[in-house]
Amino acid sequence: MNRAHLDKLFTVLLAGTLAGLALAAAALPAALVFGLGFKGLMPYSKLPEALVTSQPAQRSNLYANDGRTLITSFYLEDRVDVPLSEVAPVMRQAIVAAEDARFYQHHGVDVRGVARALTAITDDGSRQGASTLTMQYVRNALAGDPRLTEEERARATEISVDRKIREMRYALKLERELDKDQILTRYLNIAYFGAGAYGIAAASKRYFSTSPANLTLAQAALLAGLVRSPTTDDPINGDADAALARRAYVLDRMVETGQVSAEEAAQAKAEQLQLRPSATPNDCTAVPDEHNDWGFFCDWFTRWWGEQSAFGASRDERQRLLRRGGFSIVSSLDPDIQQRATEQVLRIYDVGNRRAAPTAVVEPGTGRVLAMAVNRYYSTADNPPGQENYPNTVNQLIAGGGDIVGYQGGSTFKLFTLLAALESGLPLNTTYNSPSRIITKYTVDGGQANCGGYWCPANASPAWMNGPRTMWSAYGRSVNTYFAWLTQKVGADRVVEMAQRLGIGLRAKDDADMARYSAREWGSFTLGVSATTPLDLANAYATVAAEGVWCAPSPVASITDSTGHEVAAGRPNCRQALDTDVARAAADASRCPVGDQSMYRRCDGGTAEELRPRLRRPLAGKTGSSERNATETVVAFTPQLAVATIAANPDDPRDAVGGGVQVRQIAAVGDVLAYALRGQPVRDFVPPNYSIAYQVTGPRGGN
């Protein structure tokens, strides 16, 4: 049995209860009839919260950092509230004429409408139901309120006399609390218009690609006609002829109620059905095709949102709130920098290459992520046989998560040993006569760097690396034996702790277990044997750039809720993680690898010396190569920006990328920095004080 027949059956059942009331309506005012003739219709003394503070689901919109460029939307119901002042008067008139012509005369329940429902049931589309706009709003608000249980929401739409009487009582009470325009506003924003469009704003866009304020008479009449049967009459997916018939009915009603002239109605009826459909994108796979590379940033945003306790007690609850909360989210994504980063990544590897070059760009001092690029299509489309993650993937190759634990960072992890040593009280001038190979106290089970069961790393280029080295020169030339010695001196556990303090997430189970149970024995950690991601690395180095201020990586610049109020979770989440002088000293040493010069003129060679001349501004950073060149990494930063890129095979860590790719990585990082910093003032690093450069002291600050 369809809904129309159920409604007619219900009306017949209700007739026995309301017949006397309907007959009296012609002679007595509604309030008198209700007061004397039907005690059950007296209004409730208290309204449900769903009617006091209505919370219909509204879509959330994610914008680029300009606040205007839409990345995508998130919704369960495509709806965004608008005030009545932004709805064309003709639309207000059409909905009233179609659904409740006496809306401005009754007090929530139209007794004349009840009488008509008992005597004018027809099949030609002209049946006048007993539900007023206020009653319909009550039904929709109760059925869609997330604060109610499933059972309570189901009761709001059940076919029963109890439900109808409950609606009437709530409607009477609601009209004592709100004026007519407030009720009409709520109704227009909650009604379903078909084709997935909830509310007049979404419906105007869905059918005509316009705003509610610009609706024409013919468009308004069509939309007003859809609310009775939005699924069957939907002219996009349903019956266009039925939609036109309902449009004609609404126009006739507007003539009858004096809203438009017969001539205006006839002209509107003669118009062709001129639909201009536009679908609102939903979720990350719906980012614009021409900006498919935004998908990875969008994906990371949803993961970030799911981790914010401010949005709910569980991940599922937080995701539901995103899709029904009506948030306006201005992201940190800079479309120009994102495009440049993507172009440069594709110069490292093209989309079809089994190897990837995930890259992240982070702003020091805020943690805002300006770009996330990788040579992949963000897509759930099938890949050729044997190709799990290319050219299509939705795996988070840049930030990690899910099955992606990351890639070995190589010598970029020497930063954490450098910081731990400086924090312990050792100066930058700490000197060690670095040999070709060093036998450490750390036991190992196997591998190339194994000398009788002890870890014994060697320098990659002895002629260039061996000999007396300070932190400046050892970091610049990436001297393995110096940093193995330094790790022994300060303690491997302090190096691991430093990395975790700066946000290096140990996602691989073996790495996490080593950090938890065997950090004191993890000497090789300084050479980057642990898996990491470009985002973690870029943000850790950004902490040094920001003079020790660590900020949680963030995909947002601001968040406002559906009422226009700022949400605090959108602000940067920062803390002083390092002593300022420790960070300044680390930045000073980090100038050596990239061809810059330290404040004390102590740099004497670097692994990426071509970077600084290309950028022509103060620069710091580090390169890293894991064992057998399985991965290659480049990180570079200025006081304003940090960029990290890792070359790896996400599907097969045994597929060594080789050292040659680092040349392309260095060029890509330099280009992204130069482009992103164009027009920005040249800022220099603050020099470390003499004490931390040359004198052994007690521990310096810390977390």
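Counting of residues starts from 1 at the beginning of each chain's written sequence and follows it residue by residue. Thresholds applied to this predicted model are a pLDDT of at least 70 for local features of residues and 80 or more for the giving and counting of side-chain atom pairs; totals over whole chains, interfaces and linings are not thresholded and use all residues. Neither water nor hydrogens contribute to the side-chain values; these are computed over all heavy atoms in the structure.

**Side note on the sheet that holds strand β1 (residues 60–63)**
The four strands are arranged β2-β1-β3-β15 in an open sheet whose pairing can be described as mixed. Two strands in the sheet have a free side with no partner beyond their single neighbour: β2 (70–74) and β15 (556–560). Neighbour-to-neighbour, the strand axes of the sheet open up by a mean angle of 15°, direction not taken into account. Contact criterion: two residues are considered in contact whenever any of their non-hydrogen atoms come within 4.5 Å of each other. Lines fitted to the C-alpha atoms define the axes, with helices restricted to the stretch that makes contact. Angles between their N-to-C directions range from 0 to 180 degrees. Strands are runs of DSSP state E lasting at least 2 residues, helices are runs of H or I lasting at least 4, and numbering of each runs from the N terminus. Here helix α14 (residues 294–306) sits on the sheet in contact with β1, β2, β3 (328–331) and β15, set at roughly 40° to β2. Should DSSP find at least two bridges between two strands, the strands are taken to pair.

**A closer look at the confidence of the model for the chain**
A residue's pLDDT is the predictor's confidence in that residue, given on a scale from 0 to 100. Residue-level pLDDT values for the chain average 91, and 91% of them are 70 or greater. Considering only residues more than four positions removed or in separate chains, one finds that residues 1–39, a stretch of pLDDT under 50, has 47 contacts. Between residues 120–128, whose pLDDT stays under 50, and residues either more than four places distant or in other chains, the model counts 17 contacts.

**Quick notes on the pattern of salt bridges**
The rule for a salt bridge is simple: a side-chain nitrogen of Lys or Arg has to be within 4 Å of a carboxyl oxygen of Asp or Glu. Evaluation of the coordinates by the stated rule reveals 28 salt bridges. For Asp-596, the salt bridge is made with Arg-591, and the minimal N-O distance between the two is 3.1 Å. Buried, partly exposed and exposed residues are distinguished by accessible area as a fraction of the type maximum, computed with a 1.4 Å probe on protein chains only: under 20%, between the cut-offs, and over 50%, respectively. Judged by its relative accessible area of 4%, Arg-591 falls in the buried class.

**Some words on the state of the cysteines**
By definition, a disulfide is the covalent link that joins the sulfur atoms of two cysteine residues. Defined by distance alone, a disulfide is two cysteine sulfur atoms within 2.5 Å. On inspection of all chains with the given rule, the structure shows four disulfides. A sulfur-sulfur distance of 2.1 Å marks the disulfide that ties Cys-284 to Cys-298. Note on the Cys-284 and Cys-298 pair: the S-S dihedral is about -80°, so by sign convention the disulfide is left-handed. Residue Cys-284 is located in the loop between α13 (262–270) and α14, and its partner Cys-298 is located in helix α14; the two are separated by 14 residues in the primary sequence. Overall, Cys-284 belongs to the buried group, its relative accessible area being 3%. Classification of Cys-298 by relative accessible area gives buried; the value is 0%. With its sulfur 2.1 Å from that of its partner, Cys-551 forms a disulfide with Cys-574. One quick way to see it: the torsion about the S-S bond of Cys-551 and Cys-574 is about 105°, and its sign makes the bridge right-handed. Of the two residues, Cys-551 is situated in strand β14 (residues 549–551) and Cys-574 in strand β16 (residues 574–576); the sequence distance between them amounts to 23 residues. Given a relative accessible area of 32%, Cys-574 falls into the partly exposed group.

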